[in-house]
Amino acid sequence: MNKLLFKKIIAQTSDTPMGLEISNAEGCYIFTVNGKKYLDFISGIAVSSLGHNHPRIIQALHEQIDKHLHVMVYGEFIQKPQIEFAQLLLEQLPSSLEQIYFVNSGTEAVEGALKLAKKFTERTKLVAFRNSYHGDTHGSLSVTGRDVYRDPYLPLLPNVSFDEFNSNSVLDLIDEETAAVILEPIQGEGGIIPANKEWLQAVRKKCKESGALLIFDEIQSGFGRTGKLFAFEHYEVIPDILCIAKAMGGGMPVGGFVSSSEIFQSFKYNPPLNHVTTFGGHPVSCAAAHANLKELLSGNYLNRAQEIENKIKSNLRGKGIIEVRGTGAMLGLELETKDLTEAVVNHCFEKGILLGWTLHSNTLVRLAPPLIITDEELNFVTDTILDGINNYF
Ligand code: PMP
């Protein structure tokens, strides 16, 4: 296989794909067919939190594959991997988050959450934030706050109002016509911007007063990445609907949205079957999700995310660095210029470290290592980043 064939027959989303030809992946490393080894410091974009091919996940996959693959569209049959995962997950969540609807991806979780909010409230207005990212299907793009990605696809969903993240003016936007407010407690693609705690609590209060549902998109921040199982735990704010995906499947595609049985009730009637999916909650993906969550809860991973934050923040200081922000292992390194950022990412790539940008920013390096990374590996990465900066100046 070669890059020309890849570029010819696989539809491209940019002119500059990384184009690594993968042979296998294990732990923190990805190996290419020409024998190069890369330390994955972005975890396949916040997916492989337990590293690649975790043995417990692989074992669970083998066991499920031997039993059955797809058997029926969503919601009709009782499938053990779905039940086991859902039970373990919901036990970790506040009691109002008591049911999960399974989908296949992050953007589908957002689509489902928006539809659920509209159906339950019988309202259509949505409130969202600038610089947010919720996915690339039409509904999710309608609440994504970046015009450059939206403009080519207008018109999108009507009745969506945007405000600045962390700005109190949004409290005036949320009213009796609002079906839902959707936000990432820590904006990911927008540049790793954490919500301010008092602000988030005020948004929660305003939603409650006006009957609007509060949707948290924890597709990137969920499953331990920030040092808690979910980022909302840092804020003492409970959403009405929680969207999850990415790290949920331990490397397999699966997503979901979680809410109360009262809210989910509205999916059952007028008409019945008004939100269905063929593959949502695929048994093989759910078996992986269950093994992933069991492992995440039994190990030292959440503490490790905190240690990773402390170490990276103390190591990365000096010339060219504006700041390292974020929580746990969901961090962003803001550098002074786009050219410097490009030089640092390229230098690390040459030294066998995968770093990446976020979608909405070109001066921010995404730092999202697997939670199994060692101190030695962390030091290697931060030293290499600092070398990259020094070489540039
Ligand atoms: N929401 C957030 C916060 C995300 O980070 C992403 C993916 N980067 C999505 C939604 C979309 O997820 P997916 O790519 O699985 O559709």
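All residue numbers refer to positions counted from 1 along the written sequence of the respective chain. For a predicted model such as this one, the threshold for reporting local features is a pLDDT of at least 70, and the threshold for listing and counting side-chain atom pairs is 80 or more; totals across whole chains, interfaces and linings nevertheless cover every residue. With hydrogens and water set aside, each side-chain value is computed from the structure's full complement of heavy atoms.

## Digging into the domain arrangement of the protein
- For the domain bounds, the source is a domain assignment made automatically or taken from a database. Looking at the assigned domains, one finds that the protein contains domain 1 (2-54 + 301-392) and domain 2 (56-298).
- A straight line from the C-alpha centre of domain 1 to that of domain 2 covers 26 Å.
- Residue contacts follow a heavy-atom distance rule, with two residues in contact if any of their heavy atoms lie within 4.5 Å. Contacts between domain 1 and domain 2 engage 29 residues on the former and 33 residues on the latter.
- Summed over both partners, the accessible area (1.4 Å probe) lost when two parts come together is defined as the buried area. Buried surface at the junction of domain 1 and domain 2, summed over both partners, amounts to about 2700 Å²; 61% is from carbon and sulfur atoms.
- Summed over the three residues of domain 1 that lose the most area to domain 2, namely H54, M330 and H360, the buried surface amounts to 31% of that side.
- A side-chain nitrogen of Lys or Arg and a carboxyl oxygen of Asp or Glu constitute a salt bridge if their distance falls within 4 Å. Seen at the junction of domain 1 and domain 2, the total is one salt bridge.
- Between E189 and R366 there is a salt bridge, and its shortest N-O distance comes to 2.8 Å.
- Any pair of nitrogen or oxygen atoms within 3.5 Å is treated as a polar contact; in protein, a donor-acceptor pairing is required on top of that, and neighbouring residues in sequence qualify only through side-chain atoms on both sides. On inspection of domain 1 and its partner domain 2, the count reaches 14 residue pairs in polar contact (both at pLDDT 80 or more).
- In this text, helices come from DSSP runs of H or I with a minimum length of four residues, and strands from runs of E with a minimum of two, each type numbered from the N-terminal end. When contributions to the side of domain 1 that touches domain 2 are tallied by element, the ones reaching two or more residues are α2 (43-46), α12 (301-315), β13 (321-327), β14 (330-335) and β17 (361-367).
- When its residues are assigned to classes, the side of domain 1 that touches domain 2 shows 16 nonpolar, 11 polar and two charged. Note that Gly is not counted as nonpolar here; it falls among the polar residues with everything else outside the nonpolar set of Ala, Val, Leu, Ile, Met, Phe, Trp, Tyr, Cys and Pro and the charged set of Asp, Glu, Lys and Arg.

## Describing the site of the ligand
- Every residue lining the ligand is accounted for by S105, G106, T107, Y133, H134, G135, E184, E189, D217, I219, Q220 and K246.
- T107 places a polar main-chain atom, nitrogen or oxygen, 2.8 Å from an oxygen atom of the ligand.
- For the ligand, a nitrogen atom lies 3.4 Å from a polar atom in the side chain of K246.
- Here the shell around the ligand is composed, by residue class, of two nonpolar, six polar and four charged. Throughout this document, a residue counts as near a molecule or strand when at least one of its heavy atoms sits within 4 Å of that molecule or strand.

## Describing the sheet that holds strand β12 (residues 255-259)
- Ordered by their spatial adjacency, seven strands build an open sheet running β4-β12-β11-β10-β7-β5-β6, and the pairing between neighbours is mixed. Each end of this open sheet is capped by a strand with a single partner; those strands are β4 (99-103) and β6 (160-163). Direction aside, neighbouring strands of the sheet carry axes that sit 20 degrees apart on average.
- As paired strands, strand β7 (residues 178-183) and strand β10 (residues 213-217) are joined by four bridges and run parallel to one another. Within the sheet, the bridge partner assigned to I182 lies in β10 and is I215.
- For helices, the fitted axis covers only the stretch in contact; all axes are lines through C-alpha atoms, and the angles between them, taken along N-to-C directions, range from 0 to 180 degrees. Lying on the sheet, helix α4 (residues 80-91) is in contact with β4, β11 (241-244) and β12; it crosses β4 at an angle near 130 degrees. Two strands are counted as paired when DSSP detects at least two bridges linking them.

## Side note on the sheet that holds strand β2 (residues 29-32)
- The four strands are arranged β1-β2-β3-β15 in an open sheet whose pairing can be described as mixed. Looking along the sheet, the strands with just one partner apiece sit at the ends: β1 (22-26) and β15 (353-354).
- In this structure, β2 lies alongside strand β3 (residues 37-40), joined through three bridges in antiparallel fashion. Within β3, the residue paired with F31 across the bridge is K37.

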